[in-house]
Amino acid sequence: MRDSPVRAPRQKPLPDASYFQAAPAIAEEAALWLRYLAGERRASRHTVEAYGRDLAAFLGFLAHHTGERPDAAALKSLQPADLRAFMAKRRRDGLESRSLLRALAAVRNFLRFIEKKGLARTDVFGAVRPPKRPRSLPKALTVPDARDVVDPELRAGEAREPWVIARDAAVLALLYGAGLRISEALSIGSAAAPVGAADRVTILGKGGKSRTVPVIAPVRAAIEAYLALCPHDLAGGPLFVGARGGPLSPRIIQLAVQRLRGALGLPESATPHALRHSFATHLLGRGGDLRTIQELLGHASLSTTQIYTAVDKTRLLDAYRSAHPRAK
């Protein structure tokens, strides 16, 4: 049985000025800002849509708060109390800290965008304390579980063609063996396939930043096994393809891991992205330094990578509590 082909959903057009409760000039700027994010800034569709909703909520709040649709004068006269009232309103709407932080970032980004045109001011944000960012630890798999997830032999009983199983295993091997995001793995072109003597691959990561990562022998072997079985002509196209030879959807890989969770008895936190977390956590546990792991993961800031030190400490404490005779 082939995996079901997934058609790329038709993308909705970006909101126009009518989406925003603001004076015409500001509403037009809001629509222009979204096009700027999607075009020049190359923000993901999800980010652009979320920012659009956040800005619409803010402008709608101001319209209700002041009794009229906000114009440039209203935005230039914003006070810290206005922002605090907006935050309180969104809290009552049920927004958690992470979403509220994103909403503030969206509003600040838009106001900065039009501040250059003399239509707003952003210094007001300096007088407002943002909510604390919740610090959730990445969910890493154990080493044996991670190895099982990337082992195609454990899927031998599935009613799927061997090349499909080999393809999924190669993608998952890149996530765990090279620390790639799933979008990064699926963006690799066939001409750049890390096979044979090619022991590294250059990918385009978040924010359009490229980085080169080493690809270890077992990962190269998994890719070679897939290429040997793949029935499609990959020349000039992506390395990983779907049932009909088109670009592979991330959803197919997510469903493959979902089936593996059931077969292997893994928790819900066992996802494709958890393999990237496992890559970093296991490297750190074997003595890898944070700077190197930062480069491999493509993190812009070392502070983002430092969260894995907390993961490793948690793992050590769990092992201590479960094994030491005096820990109970």
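Conventions and cut-offs
- Residues numbered from 1 in each chain as written.
- Predicted model: local features only at pLDDT ≥ 70, side-chain atom pairs only at ≥ 80, totals over all residues.
- Heavy atoms only, no water.
- pLDDT = per-residue confidence, 0-100.
- Helix = DSSP H or I, 4+ residues; strand = E, 2+ residues; numbered from the N terminus.
- UniProt positions renumbered as here; feature names shortened; annotations may be inferred.
- Contact = heavy atoms within 4.5 Å.
- Buried < 20%, exposed > 50% of the residue type's maximum accessible area, 1.4 Å probe, protein only.
- Polar contact = N/O pair within 3.5 Å; in protein donor to acceptor, adjacent residues only side chain to side chain.
- Phe/Tyr/Trp six-rings, centres within 6.5 Å; stacked < 30°, edge-to-face > 60°.
- Lys NZ or Arg CZ within 6 Å of the ring centre and 35° of its normal.
- Core = buried A, V, L, I, M, F, W, Y, C linked by side-chain atoms within 4.5 Å.

Colleague: Quick one: what's the story with the confidence of the model for the protein chain, residue by residue and with numbers?
Modeller: With 86% of its residues at a pLDDT of 70 or more, the protein chain shows a mean pLDDT of 85. Considering each helix and strand of the protein chain separately, the mean pLDDT is smallest for helix α14 (residues 307–323), with a value of 57, and largest for helix α3 (residues 72–76), with 96.

Colleague: Give a detailed account of the UniProt feature "active site" (unreviewed entry) in the protein chain, specifying residues and quantitative values.
Modeller: In the UniProt entry, the feature "active site" (unreviewed entry) is given for R181, K206, H273, R276, H299 and Y308. Along the chain, K206 falls in the loop between β1 (200–204) and β2 (210–214). Among residues more than four places away in sequence, those in contact with K206 are R181 and E184. Assignment of secondary structure puts H299 in the loop between α12 (290–297) and α13 (302–305).

Colleague: Please set out unusual backbone geometry residue by residue, giving values where relevant.
Modeller: Not every positive phi belongs to a glycine, and R42 is a case in point at roughly 55 degrees. Turning to its location among the elements, R42 is positioned in the loop between α1 (24–38) and α2 (45–66). Exposure remark for R42: the relative accessible area of 56% places this residue in the exposed category.

Colleague: Help me get a handle on the environment of S278, residues and values and all.
Modeller: Relative to the assigned elements, S278 resides in helix α11 (residues 272–285). Note on S278: relative accessible area 0%, which makes it buried. Once the C-alpha coordinates of S278 and L141 are considered, the two residues, 137 residues apart in sequence, prove to be 5.6 Å apart. In this structure S278 touches A140, L141 and Y176, once residues within four positions along its chain are discounted. For S278, the side chain forms a polar contact with the main-chain oxygen of A274, separated by 2.7 Å.

Colleague: Tell me what's going on with the packing of aromatic side chains, and back it up with residues and numbers.
Modeller: By the definition in use, this model includes 7 aromatic pairs. Judged by centre distance (5.7 Å) and plane angle (55 degrees), the ring pair of F61 and F86 falls under tilted. Residue F61 is found in helix α2, and its partner F86 is found in helix α4 (residues 80–92); the two are separated by 25 residues along the sequence. We note that F61, like F86, is buried. Stacked on the ring of F125, the Lys or Arg R108 has its end atom at 5.3 Å from the ring centre.

Colleague: I'd like a rundown of the nonpolar core, residues and numbers included.
Modeller: Where a protein is soluble and globular, its nonpolar side chains tend to be buried together. Ranked by size, the top nonpolar core spans 49 residues in total, and within it L172, L174, L180, Y226, F240 and L275 carry the most contacts. Among the elements of the structure, α6 (143–149), α7 (162–178), α8 (182–186), β1, α9 (217–229), α10 (250–264), α11 and α12 are those that each provide at least two residues to this core. Of all the elements, α7 adds the most residues to this core, at 11 residues. Setting aside residues no more than four positions away along its own chain, L275 makes contact with L141, A146, V149, V150, L172, L175 and Y176. Judged by nonpolar contacts, the second largest core, of 37 residues, contains A30, L59, A106 and V128.

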